[in-house]
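# Structure assessment
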Amino acid sequence: MKLLRVENDRYCFQFGHREKALFEFLLRLYPVIPSAHQTLSKAAARMDENQKLLDEALAEQRKENKQHVEKLLTDPRRFKEKGAGAEMNLSAGEIEWMLQVLNDVRVGNWILLGSPEEQPHFDPKAENAPYVIAMGLASNFQMDLLDALKHNA
Amino acid sequence: MANIAMPEVMPDLERDEKSKPDSANDPGYVVICWNDPVNLMDYVTHVFQTVFAWQRPKAEFHMKQVHNLGKSVLVRESLEKAEHYVHQLQKYSLHATMERDE
């Protein structure tokens, strides 16, 4: 995924065909983090009611992001086929929710791996390989998006 | 002067549960971001910039505190604002909580 240009707050990215397929695959995984995973406070017992409100707010956020993802994946105008790949336009606001989605996939797969302290090694034959791959891919796309925002800062 | 028995007025020693401190404005809560081995350093910096509208050097300072010390106190705020910030940080899947500033 490569930033081609920024025009009128629209970031234009170029994808190779396989890269685009991987990107769409990752987005389809969303959400991965289990609901009610996050706690409002380490002393959460004292804040039961507030915790409930936070859970509801995060669930609503996930629902909104999921709708954004589905809209993006089903909109034929979003990806324009060009040469050996495709181009995709995103606004700065869309990059923000895209970062949230990709990080959910990264953190969620880390949780599925048992939240290891060390970066898991990649072994293509290992049972955990899909989770490790998803984490790595998500971080690559995240870094591309962050670099694009920095480039335009 | 007539010796009139006046009602004895005793100080109110019982806790008045209805008039709790004004927690809506009391900056008695801290928002903390905790270290984890999964969130990318650049990503954490970006989230701090976005959520708190900080300049990059301040966001990086707090990101490094999280990374090196295990946590960083990001802001001291009222209950309501602290909850808002925790929600914003957790939207980005950062490990953030709010605690009473004691």
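The paragraphs below set out a description of the structure included in this document. (Residues numbered from 1 in each chain as written. Chains lettered and ligands numbered in written order. Predicted model: local features only at pLDDT ≥ 70, side-chain atom pairs only at ≥ 80, totals over all residues. Heavy atoms only, no water.)

### A short note on the packing of helix α1 (residues 41-52) of chain B against helix α2 (residues 56-69) of chain B
All names here are of chain B.
- Two elements in contact, α1 and α2, have axes separated by 8 Å at closest approach and are oriented at 130 degrees. Of the possible angle classes, the one that applies to α1 and α2 is oblique. Seen along the crossing, α1 lies across α2 with a hand that is right-handed. Here M41, D42, V44, T45, F48 and Q49 of α1 lie close against α2, whose contacting residues are R56, A59, E60, H62, M63, V66 and H67. (Axes fitted to C-alpha atoms, helices over the stretch in contact; angles between N-to-C directions. Helix = DSSP H or I, 4+ residues; strand = E, 2+ residues; numbered from the N terminus. Parallel < 35°, antiparallel > 145°, perpendicular 65-115°, else oblique. Left-handed = near helix turned anticlockwise from the far one by under 90°. Contact = heavy atoms within 4.5 Å.)

### Some words on the environment of V107(A)
- Residue position: V107(A) is located in helix α3 (residues 92-112).
- Spatially, the C-alpha atom of V107(A) lies 6.9 Å from that of I33(A), the residues being 74 residues apart in sequence.
- Those residues in contact with V107(A), other than ones at most four positions away along the chain, are I33(A), V38(B), N39(B) and S93(B).

### Some points on the interface of chain A and chain B
- Between chain A and chain B, the residue contacts involve 32 residues of the former and 27 residues of the latter.
- When chain A packs against chain B, close to 2,500 Å² is buried across both sides, 58% of that on carbon and sulfur atoms.
- Ranking the residues of chain A by area buried against chain B places L40(A), K42(A) and Q100(A) at the top, with a combined share of 20%.
- The interface formed by chain A and chain B holds one salt bridge in total.
- For D42(B), the salt bridge is made with K150(A), and the minimal N-O distance between the two is 3.1 Å.
- In this assembly, chain A and chain B are joined by 13 residue pairs in polar contact (both at pLDDT 80 or more). (Buried area = accessible area lost by both parts, 1.4 Å probe. Salt bridge = Lys/Arg side-chain N within 4 Å of Asp/Glu carboxyl O. Polar contact = N/O pair within 3.5 Å; in protein donor to acceptor, adjacent residues only side chain to side chain.)

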